[in-house]
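An overview of the molecular structure
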Number of protein chains: 2
Amino acid sequence: MSEEMYSIKEAMLYSQRIGHLSKALWKAVEKDWQLWIKPYDLNINEHHILWISYHLKGASISDVARFGVMHVSTAFNFSKKLEERGYLKFSKRDDDKRNTYIELTESGSELIIEMNRHYLDSPHTILEGSLPLKELYGRFPEFLDVMAVIRNIYGDDFVEIFERSYKNYQEVFDVIHEKEMVVK
Amino acid sequence: MSEEMYSIKEAMLYSQRIGHLSKALWKAVEKDWQLWIKPYDLNINEHHILWISYHLKGASISDVARFGVMHVSTAFNFSKKLEERGYLKFSKRDDDKRNTYIELTESGSELIIEMNRHYLDSPHTILEGSLPLKELYGRFPEFLDVMAVIRNIYGDDFVEIFERSYKNYQEVFDVIHEKEMVVK
């Protein structure tokens, strides 16, 4: 085989391999996610919209779509349904008339906190499947190569928003759980 | 926070993080996959069934379902459609009357080879997004931590079958491309 042919072979094997791996990973994630949100009568995209709105504190529909990896029309239609259920509200900004922003209502924020509190009530195969790695390395895997590929595909600002939302999650986590203690 | 609370926080942040990462990765994979198979009028599960049958050389419906991460009924129904289109045939084995096996017809094998030949005609964002890693490290990333999590979730035999199918792909690749040269 020529060198070029060898590269094509390597590239095609790699590309299909990550495709099949990613399908298996996603199917496990999807199942965990669905079992978690089932009691709240939400689908994955609806929950993702609420999660993003909670952690980004007022995002535009196009931000939500981009960061939640869904079509703008999907983000808009599900946001409308969530608005009807009283979980979020739409708004316009004076400095940006073209975009529609969404923000959680009090009831929407309470739902997110409630779901957080019940996170461990449903099985999480991904978490269980990662515990041996945590035991071995002392911490959970970071999937740096997946993150690098995602950064190259979706752009630096996608990863920046991703990290920002998790930074917020980390910060509010203690507050959420303190609230829980107060509620109890 | 107590130590136990800290672990819960770490676990929940990790688990949702990999969930969101996995969604972004899968959406990119799904788009690439769909663009590749579109000219052949197949959906992802149908193509996956053909791919598995080609590389495992006669698999049972339950093997295909398990390895392709789909419901047995999904695997069965799509296999039926592929049989109607003449791409595969069903059979029973004398030593295993309970399972239904599927095998590619000549037309099914030709389709797989044809699709392989046209792999690079459609865009593959995952591949493009991985090239900077290849340049940096001299080879494509191996996603060993993802593989380890998948092994823990789906079992050793899942990974063993996965590797077997890729070993076959590697071996037949040269044959497929030699055929291509003869055909040209």
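Residues numbered from 1 in each chain as written. Chains lettered and ligands numbered in written order. Predicted model: local features only at pLDDT ≥ 70, side-chain atom pairs only at ≥ 80, totals over all residues. Heavy atoms only, no water.

Quick notes on the packing of aromatic side chains
For the structure shown, the criterion picks out 26 aromatic pairs over all chains. Ring centres 5.8 Å apart and planes at 70° place the aromatic pair A:Phe76 and A:Phe90 in the edge-to-face group. Linking A:Phe76 in helix H4 (residues 72–84) with A:Phe90 in strand E2 (residues 88–93), this pair joins segments that are 14 residues apart in sequence. Classification of A:Phe76 as partly exposed rests on a relative accessible area of 34%. Aromatic pair B:Tyr154 and B:Phe158: ring centres 4.7 Å apart, planes at 25°, arrangement stacked. The two residues B:Tyr154 and B:Phe158 agree in class, both being buried. (Phe/Tyr/Trp six-rings, centres within 6.5 Å; stacked < 30°, edge-to-face > 60°. Helix = DSSP H or I, 4+ residues; strand = E, 2+ residues; numbered from the N terminus. Buried < 20%, exposed > 50% of the residue type's maximum accessible area, 1.4 Å probe, protein only.)

Examining the relation of the copies chain B and chain A
When chain B is fitted onto chain A, the two copies agree to an RMSD of 0.0 Å after a turn of 180° and an axial shift of 0.0 Å. Given the turn and translation reported, the copies of this chain are related as if by a two-fold rotation axis. Across chain B, the rotation axis passes nearest the C-alpha of B:Trp26, at a separation of 3.2 Å. Looking at chain B, 100% of its interface residues are interface residues in chain A too, so the copies touch through the same face. (Least-squares fit on C-alpha atoms with pLDDT ≥ 70 in both. Contact = heavy atoms within 4.5 Å.)

Considerations on the confidence of the model for chain A
Overall, the predicted model of chain A reaches an average pLDDT of 91, with 93% of residues at or above 70. Ranking the helices and strands of chain A by mean pLDDT puts H4(A) first, with 97, and helix H8 (residues 156–183) of chain A last, with 80. (pLDDT = per-residue confidence, 0-100.)

Quick notes on the interface of chain B and chain A
Each partner contributes residues to the interface: chain B has 69 residues there, and chain A has 69 residues. Regarding the contact of chain B and chain A, the summed buried area is about 6,900 Å², with carbon and sulfur atoms giving 73% of it. Linking chain B with chain A are four salt bridges, by the criterion used here. Residues A:Glu163 and B:Arg17 are paired through a salt bridge, measuring 2.8 Å at the closest nitrogen-oxygen approach. There are 30 residue pairs in polar contact (both at pLDDT 80 or more) connecting chain B and chain A. (Buried area = accessible area lost by both parts, 1.4 Å probe. Salt bridge = Lys/Arg side-chain N within 4 Å of Asp/Glu carboxyl O. Polar contact = N/O pair within 3.5 Å; in protein donor to acceptor, adjacent residues only side chain to side chain.)

With respect to the nonpolar core
The biggest cluster of nonpolar side chains holds 124 residues, and the ones touching the most others in it are A:Leu50 and B:Leu50. Leave out the neighbours within four places in its chain, and A:Leu50 touches A:Leu42, A:Leu82, A:Tyr87, A:Leu88, A:Leu104, A:Leu111 and A:Ile112. (Core = buried A, V, L, I, M, F, W, Y, C linked by side-chain atoms within 4.5 Å.)

Brief notes about the packing of helix H6 (residues 125–137) of chain A against helix H7 (residues 144–154) of chain B
What describes two packed helices is the angle between their axes and the distance between those same axes. In the contact formed by H6(A) and H7(B), the axes pass within 8 Å of each other and the chain directions differ by 115°. Along this stretch, H6(A) crosses H7(B), giving a crossing that reads as right-handed. In contact with A:Thr125, A:Ile126, A:Gly129, A:Ser130, A:Pro132 and A:Leu133 of H6(A), H7(B) contributes B:Asp145, B:Ala148, B:Val149, B:Asn152 and B:Ile153. When grouped by side-chain class, the residues that make up the contact of H6(A) with H7(B) number six nonpolar, four polar and one charged. (Axes fitted to C-alpha atoms, helices over the stretch in contact; angles between N-to-C directions. Left-handed = near helix turned anticlockwise from the far one by under 90°. Nonpolar A, V, L, I, M, F, W, Y, C, P; charged D, E, K, R; others polar.)

Here's the deal with the packing of helix H2 (residues 44–56) of chain A against H4(A)
Residues and elements named next belong to chain A. For the pair H2 and H4, the least separation of the axes is 10 Å and the interaxial angle reads 80°. By the criterion of interaxial angle, the relationship of H2 to H4 is roughly perpendicular. Here Asn-45, Glu-46, Ile-49 and Leu-50 of H2 come into contact with H4, specifically with Thr-74, Ala-75, Phe-78, Ser-79, Lys-81 and Leu-82. In terms of residue class, the contact of H2 with H4 is made up of five nonpolar, three polar and two charged. (Parallel < 35°, antiparallel > 145°, perpendicular 65-115°, else oblique.)

Digging into the sheet that holds strand E2 (residues 88–93) of chain B
Residues and elements named next belong to chain B. Strand order in the open sheet formed by three strands is E1-E3-E2, and the pairing between neighbours is antiparallel. Edge positions in the open sheet fall to strand E1 (59–60) and E2, since each of these has one partner strand only. Pairing between E2 and strand E3 (residues 96–104): five bridges, direction antiparallel. Bridging across to E3, Lys-89 finds its partner in Glu-103. (Pairing = 2+ DSSP bridges.)

Some thoughts on unusual backbone geometry
All names here are of chain B. Residues other than glycine seldom take positive phi values, yet Asp-41 does so here, at roughly 55°. Inspection of the secondary structure assignment puts Asp-41 in the loop between helix H1 (3–37) and helix H2 (44–56). For Asp-41, a relative accessible area of 57% corresponds to the exposed category.

Points about the domain arrangement of chain A
All names here are of chain A. Taken domain by domain, chain A consists of domain 1 (39–120) and domain 2 (123–184). Domain 1 and domain 2 are separated by 19 Å when their C-alpha centres are compared. Both sides together, the interface formed by domain 1 and domain 2 hides about 1,700 Å², and carbon and sulfur atoms give 61% of it. Between the two partners, domain 1 and domain 2, sit one salt bridge. The interface formed by domain 1 and domain 2 holds six residue pairs in polar contact (both at pLDDT 80 or more) in total. Only H2, helix H3 (61–67) and helix H5 (106–117) provide two or more residues apiece to the side of domain 1 that touches domain 2. For the side of domain 1 that touches domain 2, the element with the most residues is H2, which contributes four residues. Class assignment of the residues belonging to the side of domain 1 that touches domain 2 gives a composition of eight nonpolar, two polar and three charged. (Domains from an automatic or database assignment.)

Let's talk about the environment of B:Asp96
Residue and element names in this part refer to chain B. In this structure, Asp-96 sits in strand E3. A relative accessible area of 18% places Asp-96 in the buried class. Between the C-alpha atoms of Asp-96 and Ser-60, which are 36 residues apart in sequence, the distance is 10.0 Å. Polar side-chain contacts of Asp-96 include one of 3.0 Å to the side chain of Asn-99.

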